[in-house]
Amino acid sequence: MTWQRFQKYYYNNASLGLSLDISRIPFPDDFFANMEPAAQRAIAAMAELERGAIANPDENRMVGHYWLRNAALAPTAELRDAITGTLASIKDFAAKIHSGEIKGSTGKKFTDLLVVGIGGSALGPQLVQHALGQPRRDKMDIHFFDNTDPDGIDYVLDTLRRRLDRTLVIVISKSGGTVETRNGQLEAAAAFRAAKLDYAKHFIAITGAGSKLDQTATAEAWLARFPMWDWVGGRTSELSAVGLLPAALQGIDIDAMLAGAAAMDEVTRRADTARNPAALLALMWHYATDGRGAKDMVILPYKDRLLLFSRYLQQLVMESLGKELDLAGAVVNQGIAVYGNKGSTDQHAYVQQLREGVNNFFITFIEVLKDRPAKTAIEVEPGITTGDYLQGFYLGTRAALTEKDRHSITITVADISPRTLGMLIALYERAVGLYANLVNINAYHQPGVEAGKKAATAVIALKQKLMAALRAPDAKPATAEQLAAQVGGDPELAFKILEHLAANKAVKKKANINPFKSKYRL
Ligand SMILES: O=P(O)(O)OC[C@H]1O[C@H](O)[C@H](O)[C@@H](O)[C@@H]1O
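Everything quoted here is computed from the prediction, not taken from an experiment. (Residues numbered from 1 in each chain as written. Predicted model: local features only at pLDDT ≥ 70, side-chain atom pairs only at ≥ 80, totals over all residues. Heavy atoms only, no water.)

**Q** Any chance you could explain the site of the ligand here in plain terms?
**A** Of all residues adjacent to the ligand, which total 13 residues, the nearest are S121, S173, S175, T178 and E319. Here an oxygen atom of the ligand sits 3.3 Å away from a polar atom, N or O, in the side chain of Q315. One nitrogen or oxygen atom from the side chain of K453 is found 2.8 Å from an oxygen atom belonging to the ligand. A majority-of-atoms criterion places the ligand in the largest pocket. Residues belonging to the shell around the ligand are distributed by class as follows: two nonpolar, eight polar and three charged. (Near = heavy atom within 4 Å. Polar contact = N/O pair within 3.5 Å; in protein donor to acceptor, adjacent residues only side chain to side chain. 1 Å grid on protein atoms, 1.4 Å probe; cavity = no way out; pocket = protein on both sides within 12 Å on 5 of 7 lines; lining within 4 Å. Sits in = over half its atoms within 2 Å of the grid points. Nonpolar A, V, L, I, M, F, W, Y, C, P; charged D, E, K, R; others polar.)

Right, dumping it as structure tokens:
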């Protein structure tokens, strides 16, 4: 029975080296026929998007990440030239860094790369660096600032301490106004200044033309600038300069990444649903989650190098699909929650709950056929390798979950290579786009992320006011509530801010047994 079903629904594409097993999602036999009209509408909408339609209506933007790997698809000659020209300049720049034609401010060859970015401006480069990096063989070592955590920043700077004169810094922000990234940029610049290095000769910006970051990079005459376009979303920017420049500098074959994505695009553009792996995936998500996110998506690659894939997909899927309103303006609260790390490691953590606890998820296993690059494997038991065990645990966990009516998909790929990674990225980009069409939402905006940013700005403003009150000549030690009243701020926020300031010795605290009676002064 399962063998029959497995064969019936097995999607295999030998030229991509990819197969997809959807047989363990228990959709009924008429599921595809029933979904076909919706699937065809979704595929047609994606074709429109690729032709340059305004696919992100409320931001009035085209959605052009598919053009990045096939510039001929771009709707105008200007866009085609921008894509091919940027790709050429990325390769040219990387070659000059590698050869030493471009050197640091003290004349040393660059050996290290610090990427400063967050969200879509960090997750792709992190995924690629981790998946494809080769210790001691990479052309450059990559480090990241992807937060405004001072201790996290110090951790990275400590690693770079004696190598700053050989470090290239890429500040990546599409909008050029993201505060975490600006803070990272300022912290990095301060570290260079402290080391008496001319940081402008080490800094590169990847950002939208005319953005704040672009203006800074221009005014300070940074080493180079690369473009980010408004028709590429942050979470689909891995195959723009955002992902390609760090990868090229690391020494990764970016042409192979692009070719893998282009080959996947060709297949996932197909109108024949059964032969379109992205359509199959999107339809499985729809069935598994009832088309309303009823179940979570657990991503479980049996491959250490894909550890960051679930994190990457978290943004791609959740920021794209997690929407309050549909395209008609109705409240739908859509989305699919994504989590996962890697197998078999996770088997020793949360798989217990997956098998026996609340059945609110479906798994996507990612199986990689190639164990390791042609090296002789040792035997851990007669005739058995570590790689045999890795597969054994994948198949074993899959069986144990199926037995308990826990549903799964398996994506099998040949190896982990630049081409395969390009394929996987393109597969999920298209599946997300198709799924968004199935549930009638805009996958390409993120109206929900602004609220937290605005509230954070208000916190910073309140901190300034509290400090001003504490600095006043007649200031007396006061409680958080008193200080909040004085500046017209929220007492709970004032309490949180003052506790943080006290912990960092920016204010003095006279502690009281009742924490809300503690008094603060400068
Ligand atoms: O690249 P940036 O403009 O700095 O944006 C970085 C990230 O921050 C935003 O808040 C968005 O939610 C993300 O989609 C974006 O990738």
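**Q** What should I look at first to understand the domain arrangement of the protein chain in this one?
**A** Often the size quoted for an interface is simply the accessible area lost on bringing the parts together. Taken as a whole, the protein chain is organised into domain 1 (3-51 + 268-439), domain 2 (65-252) and domain 3 (447-521). Measuring from the centre of the C-alpha atoms in domain 1 to the corresponding centre in domain 2 gives 30 Å. Facing 25 residues of domain 1, the contacting portion of domain 2 comprises 22 residues. Buried area between domain 1 and domain 2, summed over both chains or domains, comes out near 2100 Å², and the portion from carbon and sulfur atoms is 60%. (Domains from an automatic or database assignment. Contact = heavy atoms within 4.5 Å. Buried area = accessible area lost by both parts, 1.4 Å probe.)

**Q** Quick question: what am I supposed to make of the packing of helix α15 (residues 450-471) against helix α17 (residues 491-503) here?
**A** Packed helices, taken two at a time, are described by the angle between their axes plus the distance between the axes. For the pair α15 and α17, interaxial distance at closest approach is 10 Å and the crossing angle is 70 degrees. For the element pair α15 / α17, the angle class is roughly perpendicular. Every pair of crossing elements has a handedness; the one defined by α15 and α17 is right-handed. Judged by residue contacts, V459, L462, K463, L466, M467 and L470 of α15 engage L493, A494, I497, L498 and L501 from α17. (Axes fitted to C-alpha atoms, helices over the stretch in contact; angles between N-to-C directions. Helix = DSSP H or I, 4+ residues; strand = E, 2+ residues; numbered from the N terminus. Parallel < 35°, antiparallel > 145°, perpendicular 65-115°, else oblique. Left-handed = near helix turned anticlockwise from the far one by under 90°.)

**Q** Sorry, what's going on with the UniProt feature "active site" (unreviewed entry) in the protein chain here?
**A** The feature "active site" (unreviewed entry), as given by UniProt, occupies E319, H348 and K453 in the numbering adopted here. On the basis of their most widely separated C-alpha atoms, the annotated residues across 135 residues do not gather in one place, lying as much as 36.9 Å apart. Within the annotated group just given, the residues that line the largest pocket are E319 and K453. When sequence neighbours within four positions are dropped, the list of residues in contact with E319 reads R235, Q314, H445, Q446 and V449. (UniProt positions renumbered as here; feature names shortened; annotations may be inferred.)

**Q** How should the layout of surface pockets be read in this particular structure?
**A** Rolled over the atoms, a probe as big as a water molecule pinpoints where empty space is left. By volume, the largest pocket is sized at about 1400 Å³. Taken together, 48 residues line the largest pocket, and the ones lying closest to its centre are S175, T178, V449, E450 and K453. Listed by contribution, the elements that provide at least two residues to the lining of the largest pocket are β5 (167-173), α6 (179-194), α11 (309-321) and α15. When residues of the lining of the largest pocket are assigned to their parent elements, the largest contribution, five residues, is made by α15. Residues of the lining of the largest pocket, tallied by class, amount to 17 nonpolar, 20 polar and 11 charged. Its volume calculated, the second largest pocket comes out at about 840 Å³. (Points joined across faces, edges and corners; volume = space filled by probe spheres on them.)

**Q** What exactly am I supposed to notice about a nonpolar patch on the surface here?
**A** Taken together, I378, V380, Y389 and F393 make up a surface patch of nonpolar side chains, about 350 Å² in accessible area. Inspection of the secondary structure assignment puts I378 in the loop between β10 (361-368) and α13 (386-403). (Patch = residues over 30% accessible without salt bridge, like charges linked within 9 Å, V, L, I, M, F, W, Y side chains within 5 Å. Areas by Shrake-Rupley, 256 points an atom, 1.4 Å probe, with all protein chains shown as cover. Salt bridge = Lys/Arg side-chain N within 4 Å of Asp/Glu carboxyl O.)

**Q** Would you mind showing me how to read the nonpolar core here?
**A** A general feature of soluble globular proteins is that nonpolar side chains tend to end up buried together. One finds F93, L249, W285, F309 and Y428 to be the most contacted residues of the largest nonpolar core, which totals 112 residues. Per-element accounting of this core gives the leading share, 13 residues, to helix α14 (residues 418-438). No fewer than three residues from each of domain 1 (3-51 + 268-439) and domain 2 (65-252) sit in this core. Residue contacts for F309: discarding those within four places in its chain leaves L127, I299, I366, L424 and Y428. Among the nonpolar cores identified, the runner-up in size contains 22 residues, and V169, F192, A205 and L213 belong to it. (Core = buried A, V, L, I, M, F, W, Y, C linked by side-chain atoms within 4.5 Å. Buried < 20%, exposed > 50% of the residue type's maximum accessible area, 1.4 Å probe, protein only.)

**Q** Help me understand the sheet that holds strand β1 (residues 11-13), please; the structure alone is not making it clear to me.
**A** In a beta sheet, neighbouring strands are held together by backbone hydrogen bonds and run either parallel or antiparallel to one another. Strands sit in the order β1-β2-β11-β10-β8-β9 across an open sheet of six strands; the sheet is mixed. In the strand order of this sheet, the two ends are held by β1 and β9 (338-339), each with one partner. Judged from the six bridges that link them, strand β8 (residues 296-301) and β10 form a sheet pairing that is parallel. Across the sheet, residue M297 finds its bridge partner in β10, namely F362. Taken strand by strand, α14 contacts β2 (18-21), β8, β10 and β11 (408-413), and its axis lies near 145 degrees from that of β11. (Pairing = 2+ DSSP bridges.)

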